[in-house]
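# Geometric and topological summary
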Amino acid sequence: MKIGVLVCNKMTYDCTGIGCFKAFEDRRDAFSIYQDAKLLAFFHCNGCNKPLFEGMDYKFEQLKRSGVDTLHMARCIEVECHRYDEIKLTLEDKGFQVVKGSHS
Ligand code: SF4
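The paragraphs below set out a description of the structure included in this document. No experiment lies behind these values; they were computed from the predicted model shown.

### Some points on the nonpolar core
The biggest cluster of nonpolar side chains holds 32 residues, and the ones touching the most others in it are F53, F60, L63, I77, I87 and L91. Residue assignment for this core shows that the elements contributing at least two residues are β1 (2–7), α1 (18–26), β2 (38–44), α2 (57–65), β3 (68–73), α3 (75–80), α4 (84–93) and β4 (97–100). The element that contributes the greatest number of residues to this core is β1, accounting for four residues. When near neighbours in sequence (up to four residues on either side) are disregarded, L63 contacts A41, F43, V68, L71 and F96.

Written as structure tokens, this is what we have:
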């Protein structure tokens, strides 16, 4: 299985992503469901006041070409985002399975 993590645009200025990567490496928290998964992508939305994924179809195509079919909505989105459901539905509409969370 090949997975990706969607993170909050705002948090990319403050965070290296190490919490997500360590949790994946340890297969804990939201990643405890995997025994044999590859984390291939780590990306963010367009930002709060912009259309969330406008112009990002090439990224979704890139993910699909690489076999990524599951996207985690990272902990920072759970905490920060008032558009959580909108993001989740958009990713599902694009054909991805969506998993809530990353690290605790
Ligand atoms: S829309 Fe949500 S995920 Fe995107 S930058 Fe804003 S708070 Fe973060």
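Continuing now.
### Considering the sheet that holds β3
The parallel open sheet is built from four strands, whose spatial order is β2-β1-β3-β4. Where the open sheet ends on each side, the last strands, each with one partner, are β2 and β4. Within the sheet, the average angular offset between the axes of one strand and its neighbour, ignoring direction, is 30 degrees. The pairing of β1 with β3 spans five bridges and is classified as parallel. Following the sheet pairing, L6 is matched in β3 by M73. Along the sheet face, α4 touches β1, β3 and β4 and points at about 175 degrees away from the line of β3.

### What to know about the environment of R28
Position of R28 among the secondary structure elements: in the loop between α1 and β2. Each C-alpha atom of the pair R28 and S102 lies 8.7 Å from the other, and the pair is 74 residues apart in sequence. Leave out the neighbours within four places in its chain, and R28 touches K22, A23, S102 and H103. For R28, the side chain forms a polar contact with the side chain of D29, separated by 2.9 Å.

Parameters at a glance
- Residues numbered from 1 in each chain as written.
- Predicted model: local features only at pLDDT ≥ 70, side-chain atom pairs only at ≥ 80, totals over all residues.
- Heavy atoms only, no water.
- Core = buried A, V, L, I, M, F, W, Y, C linked by side-chain atoms within 4.5 Å.
- Buried < 20%, exposed > 50% of the residue type's maximum accessible area, 1.4 Å probe, protein only.
- Helix = DSSP H or I, 4+ residues; strand = E, 2+ residues; numbered from the N terminus.
- Contact = heavy atoms within 4.5 Å.
- Pairing = 2+ DSSP bridges.
- Axes fitted to C-alpha atoms, helices over the stretch in contact; angles between N-to-C directions.
- Polar contact = N/O pair within 3.5 Å; in protein donor to acceptor, adjacent residues only side chain to side chain.

In short, geometric facts, not functional conclusions.
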